[in-house]
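Structural overview
Residue-level listing of the chains:
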Amino acid sequence: MTTYPFGMSTPATGAATLAPRRSSRFVAWVRAWRAGLVPYDEVADAIAGDEEHLVADAPGTWTDVPLGAALPTLAKLSPDEIRLVLPAPGDPRGLPGPGDFAGAALVAGEAVVAGGLGLIPQVRSHTSGSGDCFETVLWRVYPLPANAPAASLSLPGAAEAEAELAAALAETTAALTRLDVAQWRPELAGALAALRRPDGATDLPPGFDPRARRLFARAAVLDRVLALAGHAAPGGAINNYEAQQRDAALRPLTTACRQALVAACNAPLRP
């Protein structure tokens, strides 16, 4: 039996299910394709996985089209023109100025900047005639202002983002230990422990160096952990005051995690 920090031994590391943001997978695989490191035929399937992905408002189209049919729109872009942005209220770094795209990206919390276009994933829920529920992902395309600044401005590189993530993780772990998080959210405690041993199951396509891969693997797990932490503890195990303390403890880590994902996915590619 393995013993984790916070005085618990548990398989609750399942709370850190590896589920990276859709925009991060989009950027990583499209950049690798444009660098000639993966074939076009693999890109749409790698991005979508088991989901159905459609694209709305792509140039030259009049209706929603499958993701694979819209990717040729990006065929003339270089890898460095395709960037991940993960904005948040008060932190719009990476967004190309105000406008419809910036507003929608802030609401979604994630987006892709691809040359003169911006793409944002929207999850749509459906119910079949037999009552089965399923989801599709719609990528909505936005034209960007002609004078939009480069999305990479003011964003940290992989080395800086890795150092900031490690410092924020240590600070947050200490804060949650003081809050006795294991008593009211054992899944969160176990998942935080798993962050020290990312298993590489969440990976980037060819072309990314070891630092970017390591950073992405850790940040992708952490992103899932933070999504878990944002939900109310089961059984009313946390009151409003404790929730405020939790949110304050997690805020620096949330910021560092977003910037780590951005830095990893936007890192320079190598053959």
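Everything here concerns the structure above.
A brief look at the structure comes next. Quick caveat: nothing in here was measured; it's all calculated off a predicted structure. (Residues numbered from 1 in each chain as written. Predicted model: local features only at pLDDT ≥ 70, side-chain atom pairs only at ≥ 80, totals over all residues. Heavy atoms only, no water.)

With that settled, the discussion passes to the overall build of the protein chain. When its secondary structure is counted, the protein chain shows nine helices and six strands. When burial is assessed residue by residue, the protein chain has 49% of its 271 residues classed as buried. For the protein chain, the share of sequence-separated contacts (at least 6 apart) that also reach a separation of at least 24 residues comes to 70%. Just so you have it, the protein chain exposes about 12,800 Å², and 53% of that area is on carbon and sulfur atoms. (Helix = DSSP H or I, 4+ residues; strand = E, 2+ residues; numbered from the N terminus. Buried < 20%, exposed > 50% of the residue type's maximum accessible area, 1.4 Å probe, protein only. Contact = heavy atoms within 4.5 Å. Areas by Shrake-Rupley, 256 points an atom, 1.4 Å probe, with all protein chains shown as cover.)

Let us now look at the packing of helix H1 (residues 22-34) against helix H2 (residues 40-48). Axis separation between H1 and H2 bottoms out at 9 Å; the angle between their running directions is 175°. Considered as vectors, H1 and H2 are oriented roughly antiparallel to each other. Taking contact as the criterion, the partners of Arg-25, Phe-26, Trp-29, Val-30 and Trp-33 in H1 are, on H2, Tyr-40, Val-43, Ala-46 and Ile-47. (Axes fitted to C-alpha atoms, helices over the stretch in contact; angles between N-to-C directions. Parallel < 35°, antiparallel > 145°, perpendicular 65-115°, else oblique.)

Our focus in this paragraph is the packing of helix H5 (residues 158-178) against helix H9 (residues 240-265). Remark: H5 packs on H9, axes separated minimally by 8 Å, with the N-to-C direction vectors making an angle of 155°. In terms of their interaxial angle, H5 and H9 are classed as roughly antiparallel. Note on packing geometry: the crossing formed by H5 with H9 is left-handed. Along the contact surface, H5 presents Ala-158, Ala-161, Glu-164, Leu-165, Ala-168, Leu-169, Glu-171, Thr-172, Ala-175 and Leu-176, while H9 presents Ala-249, Leu-250, Pro-252, Leu-253, Ala-256, Cys-257, Gln-259, Ala-260 and Ala-263. For the contact of H5 with H9, a count of residues per class yields 15 nonpolar, two polar and two charged. (Left-handed = near helix turned anticlockwise from the far one by under 90°. Nonpolar A, V, L, I, M, F, W, Y, C, P; charged D, E, K, R; others polar.)

When the terminal C-alpha atoms of H1 are compared, their 18 Å separation across 13 residues agrees well with the 18 Å that a helix rising 1.5 Å per residue should span. Across the 13 residues of H1, ten count as buried, placing the element largely inside the fold. Those residues of H1 not exposed but buried are Ser-23, Ser-24, Phe-26, Val-27, Ala-28, Trp-29, Val-30, Arg-31, Ala-32 and Trp-33. (Expected span 1.5 Å × (residues − 1).)

Okay, the side chain of Asn-266 next. Within the element layout of this structure, Asn-266 appears in the segment after H9. Here Leu-84 takes part through its backbone nitrogen, which lies 2.9 Å from a polar atom of the side chain of Asn-266. (Polar contact = N/O pair within 3.5 Å; in protein donor to acceptor, adjacent residues only side chain to side chain.)

Burial along strand S3 (residues 82-85) is two-sided: the face carrying Ile-82 and Leu-84 and the face carrying Arg-83 and Val-85 are both buried. Pairing analysis gives four bridges linking S3 to strand S4 (residues 111-114), with the strands arranged antiparallel. From the neighbouring strand, Ile-82 faces S4, where its bridge partner is Ala-114. (Pairing = 2+ DSSP bridges.)

Under the criterion given, the structure shown has eleven salt bridges. One connected set of salt bridges, linked through shared partners, spans Asp-91, Arg-93 and Arg-258. (Salt bridge = Lys/Arg side-chain N within 4 Å of Asp/Glu carboxyl O.)

Here the structure, examined in full by the defined rule, presents one cavity of 30 Å³ or more. Its boundaries defined by the atoms lining it, the largest cavity holds a volume of some 70 Å³. In terms of lining residues, the largest cavity is bounded by Phe-26, Val-55, Ala-58, Pro-59, Leu-67, Ala-70, Leu-71, Thr-73, Leu-74, Leu-117, Leu-119 and Val-141. Of all the secondary structure elements, the ones that give two or more residues to the lining of the largest cavity are helix H3 (67-70) and strand S5 (117-127). Here the lining of the largest cavity is built from residues that sort into eleven nonpolar, one polar and no charged. (1 Å grid on protein atoms, 1.4 Å probe; cavity = no way out; pocket = protein on both sides within 12 Å on 5 of 7 lines; lining within 4 Å. Points joined across faces, edges and corners; volume = space filled by probe spheres on them.)

Attention shifts here to the packing of aromatic side chains. For the structure on display, the rule yields three aromatic pairs. Ring centres of Trp-33 and Tyr-40 lie 5.6 Å apart, and the angle between their planes is 50°; this geometry places the pair in the tilted category. Assessed through its relative accessible area of 32%, Tyr-40 is described here as partly exposed. Just above the ring of Trp-33 sits the side chain of Arg-34; from NZ or CZ to the centre is 4.9 Å. (Phe/Tyr/Trp six-rings, centres within 6.5 Å; stacked < 30°, edge-to-face > 60°. Lys NZ or Arg CZ within 6 Å of the ring centre and 35° of its normal.)

Here we come to the sheet that holds S3. Spatially, six strands are ordered S2-S1-S6-S5-S4-S3 in an open sheet, and the strand pairing comes out mixed. At either end of the open sheet lies a strand with only one pairing partner, and these are strand S2 (65-66) and S3. As judged from the eleven bridges shared by S5 and strand S6 (residues 133-143), these two strands associate in the antiparallel manner. Directly across from Ile-120, in S6, lies its bridge partner Arg-140. Across the sheet, helix H4 (residues 100-108) lies against S4, S5 and S6, angled at about 50° from S5, the strand it touches most.

To continue, consider the nonpolar core. By size, the foremost hydrophobic cluster in this structure holds 60 residues, and its most contacted members are Phe-26, Val-30, Leu-71, Leu-74, Trp-139 and Leu-165. In terms of residue count, the dominant contributor to this core is H9 (eleven residues). Each of domain 1 (22-143) and domain 2 (158-266) accounts for three or more of the residues forming this core. Ignoring anything within four residues of it in the chain, the contact list for Leu-74 reads Phe-26, Val-30, Trp-33, Arg-34, Ala-114 and Leu-117. Counting eleven residues, the second largest nonpolar core, distinct from the first, contains Leu-95, Ala-102, Val-113 and Tyr-142. (Core = buried A, V, L, I, M, F, W, Y, C linked by side-chain atoms within 4.5 Å. Domains from an automatic or database assignment.)

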